Amino acid sequence: MRLRGKICLAALLAGLCGCASPMTENDRRANALLRQMTLSEKIGQMNQIASSTGAITGPMSERLSCDEAVKKGWCGSILGIKDPAEIERLQHLAVDSSRLGIPILFGHDIIHGCRTIFPENIGISCSWDLDAVERFARIAASEAAAFGVAWTFSPMCDICADPRWGRVSEGSGEDTFLSARIAESMVRGYQGDELADSSTILSCVKHFAAYGAPEAGRDYNTVDMSWSMFKDKYLPVYKAAIDAGAGTVMSSFNDFDAVPVTANSRLLRSVLRDTLGFGGFVVSDWGAVRELIAHGVAADERDAALLAFRAGVNMDMVSGCYLKSLESLVESGVIREKEIDDLVRPILKAKFALGLFDNPFRYGGEARRHEMYSGDNMQAARELARESMVLLTNNNGVLPLREGARIALIGPYADDRNEMIGAWRGMAEPDSCRTFLEGLCDRFGQSQVSVARGCDPRTDLPGGVAEAVALARRSDIVLLTLGLPNAESGEASSLSSLALPPCQKKLLRALHDTGKPVVILLVTGRPLELVEESALAQAVLVTWHPGTMAGPALADIVSGDCSPSGRLSMGFPRSEGQLPLRYNHKSTGRPLRDPASTAKYVSRYMDVSNEPLFCFGHGLSYTEFVYDNPVIENPVLSPGEDLRVSVRVSNTGTREATETVQLYVRDVLSSVTRPVRELKAFSRVTLRADQSVEVKMTIRYEDLCFTEASGRWGVEAGDFILYAGHDCSATLSAPFSVR
Ligand code: GLC
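Residues numbered from 1 in each chain as written. Predicted model: local features only at pLDDT ≥ 70, side-chain atom pairs only at ≥ 80, totals over all residues. Heavy atoms only, no water.

## Here we look at the packing of helix H15 (residues 375–388) against helix H21 (residues 550–558)
Geometrically, a packed helix pair is captured by the angle between its two axes and the distance between the axes.
Move 1: Packing of H15 against H21 leaves a shortest axis separation of 8 Å and a crossing angle of 50°. As the angle between them shows, H15 and H21 are arranged oblique. Between H15 and H21 the crossing geometry is right-handed. Together, Arg382, Ala385 and Arg386 of H15 and Pro552, Ala553, Asp556 and Ile557 of H21 make up the contact between the two elements. (Axes fitted to C-alpha atoms, helices over the stretch in contact; angles between N-to-C directions. Helix = DSSP H or I, 4+ residues; strand = E, 2+ residues; numbered from the N terminus. Parallel < 35°, antiparallel > 145°, perpendicular 65-115°, else oblique. Left-handed = near helix turned anticlockwise from the far one by under 90°. Contact = heavy atoms within 4.5 Å.)

## Structural notes on the sheet that holds strand S22 (residues 692–699)
Move 1: Pairing is antiparallel across the open sheet formed by 3 strands, whose spatial order is S17-S19-S22. Each having just a single partner strand, strand S17 (625–632) and S22 make up the two edges of the open sheet. Neighbouring strand axes in the sheet, compared pairwise and without regard to direction, differ in orientation by 25° on average.
Move 2: Of the pairings in the sheet, the one linking S17 to strand S19 (residues 643–651) comprises 6 bridges and is antiparallel in character. (Pairing = 2+ DSSP bridges.)

## Observations regarding the nonpolar core
Move 1: Of all hydrophobic cores here, the largest spans 180 residues; its most connected members are Ile78, Phe208, Phe230, Leu326, Ile340, Ile410 and Leu511.
Move 2: For this core, the element with the highest residue contribution is helix H7 (residues 130–146), accounting for 10 residues.
Move 3: Counting contributing residues, this core receives three or more from each of domain 1 (374–558) and domain 2 (623–738).
Move 4: The contacts of Ile410, once residues within four sequence positions are left out, are Ala452, Arg453, Ala468, Leu471, Val478, Leu479, Leu480, Thr481, Leu507 and Leu511.
Move 5: Membership of the second largest hydrophobic core comes to 35 residues, among which are Tyr413, Leu479, Ala539 and Ala553. (Core = buried A, V, L, I, M, F, W, Y, C linked by side-chain atoms within 4.5 Å. Buried < 20%, exposed > 50% of the residue type's maximum accessible area, 1.4 Å probe, protein only. Domains from an automatic or database assignment.)

## Overview of the site of the ligand
Move 1: Taken together, 14 residues surround the ligand, and among them Thr57, Asp109, Lys206, His207 and Asp285 come closest.
Move 2: The separation between an oxygen atom of the ligand and a polar side-chain atom of Glu491 is 3.0 Å.
Move 3: Here the ligand has 310 Å² of accessible area as a free molecule, and 100% of this is covered by the chains.
Move 4: Given that more than half its atoms are within 2 Å of the pocket grid, the ligand belongs to the largest cavity.
Move 5: Here the shell around the ligand is built from residues that sort into 7 nonpolar, 2 polar and 5 charged. (Near = heavy atom within 4 Å. Polar contact = N/O pair within 3.5 Å; in protein donor to acceptor, adjacent residues only side chain to side chain. Areas by Shrake-Rupley, 256 points an atom, 1.4 Å probe, with all protein chains shown as cover. 1 Å grid on protein atoms, 1.4 Å probe; cavity = no way out; pocket = protein on both sides within 12 Å on 5 of 7 lines; lining within 4 Å. Sits in = over half its atoms within 2 Å of the grid points. Nonpolar A, V, L, I, M, F, W, Y, C, P; charged D, E, K, R; others polar.)

## Details of the packing of aromatic side chains
Given two aromatic rings, one states the distance between the centres and the angle between the planes to describe the pair.
Move 1: Across all of its chains, the model carries 21 aromatic pairs by this definition.
Move 2: On the basis of an interplanar angle of 70° and a centroid distance of 4.9 Å, the ring pair of Trp151 and Phe153 is categorised as edge-to-face. Residues Trp151 and Phe153 agree in their burial class; the two are buried.
Move 3: Between Trp165 and Tyr211, the aromatic rings sit 5.1 Å apart at their centres with planes inclined by 85°, giving edge-to-face as the arrangement. With Trp165 in the loop between strand S4 (151–152) and helix H8 (176–191) and Tyr211 in the loop between strand S5 (204–208) and helix H9 (227–243), the pair connects residues that are 46 residues apart, well separated along the chain. The pair Trp165 / Tyr211 is uniform in exposure class, with both members buried.
Move 4: Among the aromatic side chains, those forming a connected cluster through ring pairs are Trp128, Phe177, Tyr583, Phe616, Tyr664 and Phe682.
Move 5: Note that Lys600 overlies the ring of Tyr601, its terminal NZ or CZ placed 5.7 Å from the centroid.
Move 6: Its guanidinium or amino end placed over the ring of Phe706, Arg674 lies 4.0 Å from that ring's centre, counting from NZ or CZ. (Phe/Tyr/Trp six-rings, centres within 6.5 Å; stacked < 30°, edge-to-face > 60°. Lys NZ or Arg CZ within 6 Å of the ring centre and 35° of its normal.)

## What about the pattern of salt bridges?
Move 1: Under the defined criterion, the tally for this structure stands at 49 salt bridges.
Move 2: The partner of Glu438 in a salt bridge is Arg417, with the nearest N and O atoms 2.7 Å apart. You can see Glu438 sitting in helix H17 (residues 436–444) and its partner Arg417 sitting in helix H16 (residues 417–421), a full 21 residues away along the chain.
Move 3: The network of salt bridges with shared partners includes Lys505, Arg509, Glu532 and Glu533. (Salt bridge = Lys/Arg side-chain N within 4 Å of Asp/Glu carboxyl O.)

## Notes on empty space enclosed by the protein
Think of a ball as big as a water molecule: rolled over the atoms, this probe shows where empty space is left.
Move 1: Evaluated as defined, the whole model comprises 4 cavities of 30 Å³ or more.
Move 2: Approximately 90 Å³ is the volume attributed to the largest cavity.
Move 3: Taken together, 13 residues form the lining of the largest cavity, with Thr57, Asp109, Met250, Asp285 and Trp424 sitting closest to its centre.
Move 4: Per-class residue counts for the lining of the largest cavity are 6 nonpolar, 2 polar and 5 charged.
Move 5: Approximately 60 Å³ is the volume attributed to the second largest cavity.
Move 6: Lining of the second largest cavity is provided by Val665, Asp667, Arg674, Pro675, Glu678, Lys680, Leu704 and Phe720.
Move 7: The set of elements that each furnish at least two residues to the lining of the second largest cavity consists of strand S20 (657–667) and strand S21 (678–687). (Points joined across faces, edges and corners; volume = space filled by probe spheres on them.)

## Remarks on the packing of H9 against helix H10 (residues 265–275)
Move 1: Where H9 contacts H10, the axes come no closer than 12 Å and their chain directions differ by 60°. Viewed along their axes, H9 and H10 adopt a mutual orientation that is oblique. Seen from above, H9 lies across H10 with right-handed handedness. Seen from H9, the contacting residues are Trp227, Phe230, Leu235 and Ile242; seen from H10, they are Arg266, Leu267, Val271 and Leu272.
Move 2: In terms of residue class, the contact of H9 with H10 is built from 7 nonpolar, no polar and 1 charged.

## Some thoughts on the side chain of Thr524
Move 1: Its place among the elements puts Thr524 in the loop between strand S15 (518–523) and helix H20 (531–536).
Move 2: Of the residues examined, Thr524 reaches a relative accessible area of 0% and is grouped as buried.
Move 3: Polar contacts involving the side chain of Thr524 include one to the main-chain carbonyl oxygen of Arg526, which spans 2.7 Å.
Move 4: Beyond its immediate chain neighbours, meaning those up to four positions away, Thr524 contacts Glu120, Leu484, Val542, Trp544 and His545.

## Things to note about the domain arrangement of the protein chain
Move 1: By the assigned domains, the protein chain splits into domain 1 (374–558) and domain 2 (623–738).
Move 2: For domain 1 and domain 2, the distance between their C-alpha centres works out to 35 Å.

Written out as structure tokens, the structure is:
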């Protein structure tokens, strides 16, 4: 039974026997330990430090010596250590040398793989394959655990509709429903059914909350939105991960409704704990406690520590404010020691739940590291990389490549291991990565594949274009790797322009002028502006940063051994001027109902269409799918009743392929303005050529809920429209109503 399940059962039993609060075995053990701890040792558990030998993922001021902090019991957790031997050494120091021997909780950002690297998360989300997502997280957890890491700072649950924000690479796109399903799958994969199992690890819901909505798409910038927008669009993703049993939450850098989240008790206590029932612990993001000073709400570190403490932050990531200030705050009577106990207890309970007190060395161990790169792990990475790739265009069926075609593989990412790994790369060893060139040579034979770099990611290469053009002239088809380097995705990588670098545009134009068909392989951690590129290329395949098995996965797709099945989890804009760009936008009082309309007084741009270049849910395969006959079994819903739908899907092409059937809902008339449509269910089906199936799907009543004008979370009686199809522009519809 999952951690959350145990706590819920305890709550039920406690309620039945009239206990004041649910007492689990871990509660009892934590309370017994708290009674032995000094105030200094309790505060030490609330302090997380970064090792000088580990990954530094934020601004760093003075550095606490790990050894001293561990021996004195001044740190409950250490993040970012990649060396298993160092983890083991420090754990021995904690267990053998500190007064009470409380084990350290080692954390790391294992967000798209540990040693075996899967596609960057935005790519994972384009697979829409929840089983594959859970399997990825299981593998990442098992590999991380083998290193001694018992806590990952994942899943990232921040939806975002603005690719100027570089951290879209770490999330699951723009949509609430898809992101929520992926987040809960990842929590299940990381934590499994038993946290004390030595191959499962603690997960962390981040970045709570609404960090993906910074003004102007600029990282760390202000987030200002209505509470109803937050509750309807952003909160459900965090809730899904918490309901799946996530053991920790990370407070985000941003302010929300003018209060920095790390000092925001409405979010961290009222919403997170009272409304969502979260029972684990909250860790601040890197330095976010001290950053309350820069936000202008704390006068100094002591003030910052008090604000974060009052808001309910259990653990201070690397700022040191808790360690420096909490003891004096207790001694001066500002904070009671019982309040400290209440914030330390969940940290100790997590360590008990992980089994760290029973065996501090259950994670790690030389013997475990044989698991790295196991055949199964690499195959899983290959399959998910393949499923993450999205075929945006394929003019004249230029893909799959015909057998025997002379292939020119060109561009700065053609044969680059490091660029395939993406940002937040866990314990990756780039040398283990299979490049595009290697994958294509393995599949087609070296004699069929020639390579030229053409340009560097952001700079011309002397003679590069000429060499590439000459190669193209000697070939039948060009596979051109364009995009952004992985250093330009992830944290602190905001861009005001989504255009490809001029050197890459120049290379594309020159290759287009050869008259040879060009297929763009887009290596990126975010949607880009591809208006010119999609016009010049015969096909565009988004590979994202595909991970360790980049080459074999690409070869599987371009060879036709597998049909592409990826679907965009985030739309590609025509222009940055459209951002933020949401498919599930509101109607407005002057909607542009027909993109072809020339009407003036409607909500539109004068210089660009309202529509994305490629919309949410879009993705081609090597066949055609036709939808018809949508049937709603229960078209008049009683309150609480799920909607049961079937739709016939036919593969009218000549080869087997996988389709992601998508169901969208419009709430036609409501007490508040509602999106023109929202994804409410999806299902992946694999069909042979000429096969038709009635795909049966269910839309949960709870997923129709929203914040009504009264503030109630519910479903209002009235009419709805269901849309079924291939992407968010689906037109096949059927009406239903709610009583
Ligand atoms: C970073 C990131 C967060 C990460 C943490 C630890 O600043 O915001 O996502 O988990 O620090 O590396």
